[in-house]
Amino acid sequence: MAERSPLKTFRNIGIIAHIDAGKTTVTERILFYTGRSHKMGEVHDGTAVMDWMEQEQERGITITSAVTTCDWRGHELHLIDTPGHVDFTIEVERSLRVLDGVIAVFCGVGGVEPQSETVWHQADKYLVPKIAFVNKMDRIGADFHNVVRQIAEKFKTHPLPLQLPLGQESDFRGVVDLLHLRQIVWLDETLGAQYAYEDIDPSLMPDVLEARDRLVAMVAEWDEPLMERYLEGEAIGASDLIPVIRRLTLQLKVVPILCGTALRNKGIQPLLDAIVDFLPSPMDIPPIDGVNPQTKAREHRLSSEQEPFAALAFKIVMDQGRKMTYARLYSGKLKVGDEVLNVSKGAHEKVSRIFQMHANKRERLEQSGAGNIVALMGLKSATTGDSLCDAKHPILLEPIDTYEPVMSIAVEAKTRADQERLLDTLSKLSEEDPTFRFNENPDTGQTIISGMGELHLEIVVTRLDRDYNIGVNAGKPQVVYRETIAQGTSAQGIFDREIAGARHYAMVELHLTPRARGKGNVVLNKVRGASIPEMFFPALEEGIRDGLSSGSLMGYPVVDVEAVILGGSFHESFSSELAFRVAATMAFKEAFDQGSPVLLEPYMAVEVLAPDEFLGEVLGDVNLRKGRVESITARKAIQVVRGVVPLSRMFGYSTALRSATQGRATFTMHFSHYDVSSQS
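Residue indices follow the written sequence of each chain, beginning from 1 at its first position. Given that the model is predicted, a residue must reach a pLDDT of at least 70 before its local features are reported, and side-chain atom pairs must reach 80 or more before they are shown or counted; all residues, however, enter totals for whole chains, interfaces and linings. Side-chain calculation: all heavy atoms of the structure are included, whereas hydrogens and water are not.

Thoughts on the nonpolar core
- For the purposes of this section, nonpolar cores are sets of buried Ala, Val, Leu, Ile, Met, Phe, Trp, Tyr and Cys residues that join through side-chain atoms within 4.5 Å. Note on classification: 1.4 Å probe, protein chains only; a residue is buried when its accessible area is under 20% of the maximum for its type, exposed when over 50%, partly exposed between these limits. Counting residues in hydrophobic clusters, the biggest one holds 103 residues, and the most contacted among them are Val26, Ile103, Phe106, Ile151, Leu179 and Val219.
- Those residues in contact with Ile103, other than ones at most four positions away along the chain, are Ile13, Gly14, Ile15, Ile16, Ile131, Phe133, Leu271 and Ile275.
- If you look at the next biggest cluster of nonpolar residues, it comprises 52 residues, including Val351, Val472, Leu599 and Leu647. Two residues qualify as a contact provided that any one of their heavy atoms is within 4.5 Å of a heavy atom in the partner residue.

Here you go:
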């Protein structure tokens, strides 16, 4: 398929949104109307094609990003449906890194919700052009103009409404197309597959003409020839506007906005037209940049099959025990049997199979080329963010940002036989998901798993049981703390001991100073004179890093500390690297204990949407949890409460909030910063 399609007809796009805005339902309709699937899947029935994992079907949410390919108007669409839940932010991050354009889906009632802002800003970070789709226009309280206003205010962008809703709430039956000045009505009996173009209802004409004039004036502001024609009162048609809107969308100056209701099968075909008309092909995006690992010079690769091969591995999936690597091919060609260089790992690997993916189903390809998103088998060392390229033309692409876990639980296998398989399986899961970590506690012998939240860890435990047949007992969630000092302090560490018949001696003097929150650790060398020979400096730094790995309060990593090596003493015959490393660790521990050590815990940025009458209960509950309310804003009959709360106080919050507000309030939270523990 990929070999036949010209590159300019490709669209690598993703669907991003807040949880429950309707991303997966929009994707299901796209697959149905493009003929890719012959039955419409529903999230609430657990039959959505893109939510293929058992847990996604049960919970009615997207957990892992799924890739598929379909055709519309002679264009090949590679589509990624991403999760909306904050615990799976890494899935959005790594998808946006390899996409050329996105559809941001907003709920017509909820508008711009907290996680919508997070994913929008992630797209901005990678300069990804966007179109917006206001979904659920048939719901009570849906307000298209309010959502457009929120998009303008919250994202400081220029929304460009290309449609107006035809009918309100339960009377919603179609859209008014402002570009072509016609209305589009869907025929319910065909499940929305058939629709009719009609003349605009005369009663709507004044509003439609005013909106059309605003649209033309806004587009003309950025295009001089169009502005001249507009000022002279010339008629400006859709064919004049579409190329200019496309250019402005690719330059991130405007965001075209459409509306509909995916669940009621209205509005999807014009959205597909907008993907083709306004979102970029691989040829429209700037060449991919990277560094040549041999010359250290910056190089770029054009999106062309004539260029040397370069790709980015953006997702790892374990498929029946074998590793499948999802990759975005930026340049060149790739054939089955080709050897590629994994620059990030310095490993040469052979591609044994290439697949075009459709959720969890796959179609074998003999070769693929620039602009494609494919799955590769045979790459043993690849992990998320690795650069794959032609060994003769190496290039290291920018890796993918990951996030630090904030929550941990202890797990133990129910049987001794499973215990041996547990660590191997956890290793596979951590390869798939960079935000999932695990380690064995040497003191207790427990296996600790860490992730982005309660739901994240719950899903890992369920996967161990269902996918790998490993039954585990899980402890209560534990917060991942950090340690630091509150005041500057100095100390000496002396190591003078006989080991295996040889004497080892070193003395090290250190000074520790607390740094501002989030500034990280720094090790500085200010050794006076020649009190310590230069050859021992690496061992000194290693010793300090050993000390930073666990504080004396509860054994958590130490953060935001400046460690300065002031000096020390050595003996020509007895000093060794081992002695200096241990002495540095001893000096660090001593200084840390004298520096008024404190425990730091993760604080979460929390946003609660609650009806007016429950505002008091919500505020009272936040205060009880030792949180700090930062703002309260009204949004019609809803109050939006933003605050910062210690993560340790947020366990079970969703149940408590539902109880306090009769199930009418919702909340989202994400990691904000580390600060002094509310326990201390």
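Next comes the rest of the account.
Regarding the pattern of salt bridges
- A carboxyl oxygen of Asp or Glu within 4 Å of a side-chain nitrogen of Lys or Arg is what we treat as a salt bridge. Applying the stated criterion across every chain, the model contains 25 salt bridges.
- Salt-bridge contacts for Arg73 lead to Asp277; the nearest nitrogen and oxygen are separated by 2.8 Å. Here Asp277 lies in helix H9 (residues 268–278) and Arg73 lies in the loop between strand E2 (66–72) and strand E3 (75–81), a separation of 204 residues in the sequence.
- The exposure class of Asp277 is buried, given its relative accessible area of 17%.
- Here the salt bridges do not stand alone but share partners, grouping Arg73, Asp273 and Asp277 into one network. Note on conventions: DSSP H or I runs of at least 4 residues are helices, E runs of at least 2 residues are strands, and numbering of each starts at the N terminus.

Quick word on the sheet that holds strand E14 (residues 310–319)
- Pairing between strands requires that DSSP locate at least two bridges from one strand to the other. Overall, antiparallel pairing links the eight strands, which are arranged E18-E17-E23-E14-E15-E22-E19-E20 in an open sheet. Two strands close off the open sheet at either side, each with one partner strand: strand E18 (347–350) and strand E20 (361–365). Taking each pair of neighbouring strands and ignoring which way they run, the sheet shows an average axis angle of 40 degrees. Axes here mean lines fitted to C-alpha atoms, for a helix over just the part in contact, with angles spanning 0 to 180 degrees between N-to-C directions.

Thoughts on helix H13 (residues 577–594)
- One fewer than the residue count of a helix, multiplied by 1.5 Å, yields its expected span. An ideal rise of 1.5 Å per residue puts 26 Å on 18 residues; H13 measures up with 26 Å between its terminal C-alpha atoms.
- Taken together, the buried residues of H13 touch strand E30 (482–485), strand E31 (489–499), strand E32 (502–514), helix H12 (537–548), strand E34 (561–569) and strand E35 (597–611).
- Downstream of H13 by a residue or two, Ser596 has a phi angle that is positive, lying close to 50 degrees.

Examining the pairing of strand E9 (residues 182–186)
- For E9, the tally of buried residues reaches four of five residues, placing the bulk of the element in the interior.
- With four bridges joining them, strand E8 (residues 174–177) and E9 adopt antiparallel strand pairing. When the bridges of E9 are listed, Asp177 appears paired with Arg182.
- Taking the residues between adjacent antiparallel strands as the criterion, E8 and E9 are bridged by four residues, where Leu181 takes a positive phi near 50 degrees.
- As defined by bridge partners, E9 adjoins strand E10 (residues 195–198) across four bridges and the pair is classed as antiparallel. Paired with Val185 across the bridge in E10 is Ala196.

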